[in-house]
Amino acid sequence: MSSNFTFKKICEFCGKEFEAKTLYTRYCNHTCNSRHYKKMKREEKIQSVLQPQQTEPEQQKFDTAIQQKEFLSVDEAATLLGASRRTIQRMIAKGALKVGKLGRRIIVRRKEIDKLFI
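Reference entry: report on the structure contained in this document. (Residues numbered from 1 in each chain as written. Predicted model: local features only at pLDDT ≥ 70, side-chain atom pairs only at ≥ 80, totals over all residues. Heavy atoms only, no water.)

**A short note on the overall build of the protein**
Across its full length, the protein carries five helices and five strands. Counting from the amino terminus, the protein carries its helices and strands in the arrangement β-β-α-α-β-α-α-β-β-α. For the protein, buried positions account for 18% of its 118 residues. Long-range pairs, those at least 24 residues apart, make up 24% of the contacts in the protein with a sequence separation of at least 6. Of the accessible surface of the protein, which amounts to about 9800 Å², a share of 52% is contributed by carbon and sulfur atoms. (Helix = DSSP H or I, 4+ residues; strand = E, 2+ residues; numbered from the N terminus. Buried < 20%, exposed > 50% of the residue type's maximum accessible area, 1.4 Å probe, protein only. Contact = heavy atoms within 4.5 Å. Areas by Shrake-Rupley, 256 points an atom, 1.4 Å probe, with all protein chains shown as cover.)

In structure tokens:
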């Protein structure tokens, strides 16, 4: 919907005053819009790099919980061994790792994992 009104606004990126034709305009021009978007994406990337460092204590709690369990899922066994899920599945297929099935779910005994290192 267009109108003949103009509104005095301040650009969110550069801080200059400009005349906007709509109430929703946030930037004085396309360049400011692009630069602000790029700045936000750069900050998101920096936060994503810093985020795993902040969650390490949570990962340690998860690892200690896995170490205390007697029965593990394939994902938990993979995390415990530091291997991929596919590696655990190959070991199961070869017979190197004995498992039990609970419906469609595969359960690995902790003792079976310990036997791999004996």
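**A few points about the sheet that holds strand β5 (residues 105-109)**
As summarised here, the arrangement of the three strands in space is β3-β5-β4, forming an open sheet in which the pairing is antiparallel. Taken across any chain shown, the strands that pair with only one partner, and hence form the sheet edges, are β3 (71-72) and β4 (99-102). Pairing of β3 with β5, which is carried by two bridges, proceeds in the antiparallel orientation. Note that in β5 the partner of Leu 72 across the bridge is Val 108. (Pairing = 2+ DSSP bridges.)

**Describing the nonpolar core**
In terms of nonpolar packing, the biggest core is built from eleven residues, these being Ile 66, Leu 72, Val 74, Ala 77, Ala 78, Ile 88, Met 91, Ile 92, Leu 97, Val 108 and Ile 113. Secondary-structure elements contributing two or more residues to this core are α3 (74-81) and α4 (85-94). Sequence-distant contacts of Met 91, that is, excluding residues within four places in its chain, are made with Ala 96, Leu 97 and Leu 116. Residues Phe 18, Ala 20, Tyr 27 and Cys 32 belong to the second largest nonpolar core, which totals five residues. (Core = buried A, V, L, I, M, F, W, Y, C linked by side-chain atoms within 4.5 Å.)

**What to know about α4**
Those residues of α4 not exposed but buried are Ile 88, Met 91 and Ile 92. Within α4, the buried residues cover an arc of 100° as seen down the axis, which keeps them to one side. Exposed residues pointing more than 90 degrees away from the buried face of α4 are listed as Ala 93 and Lys 94. Against α3, β4 and β5 lie the buried residues of α4. Two residues or fewer past α4, Gly 95 is found with a positive phi of approximately 95°. (Arc of directions from axis to C-beta.)

**What about the pattern of salt bridges?**
Under the criterion given, the structure shown has seven salt bridges. For Arg 26, the salt bridge identified is with Glu 12, shortest N-O distance 2.9 Å. Here the residue Arg 26 occupies a position in the loop between β2 (17-20) and α1 (30-54), and Glu 12 occupies one in the loop between β1 (7-10) and β2, the gap between them amounting to 14 residues. What makes Glu 12 partly exposed here is its relative accessible area of 45%. In this structure, Lys 41 and Glu 44 form a salt bridge, with 3.4 Å as the shortest nitrogen-oxygen distance. Taken together, the residues span about one helical turn, with Lys 41 and Glu 44 both in helix α1 at a distance of three residues. (Salt bridge = Lys/Arg side-chain N within 4 Å of Asp/Glu carboxyl O.)

In short, shape yes, function no, at least from these values alone.
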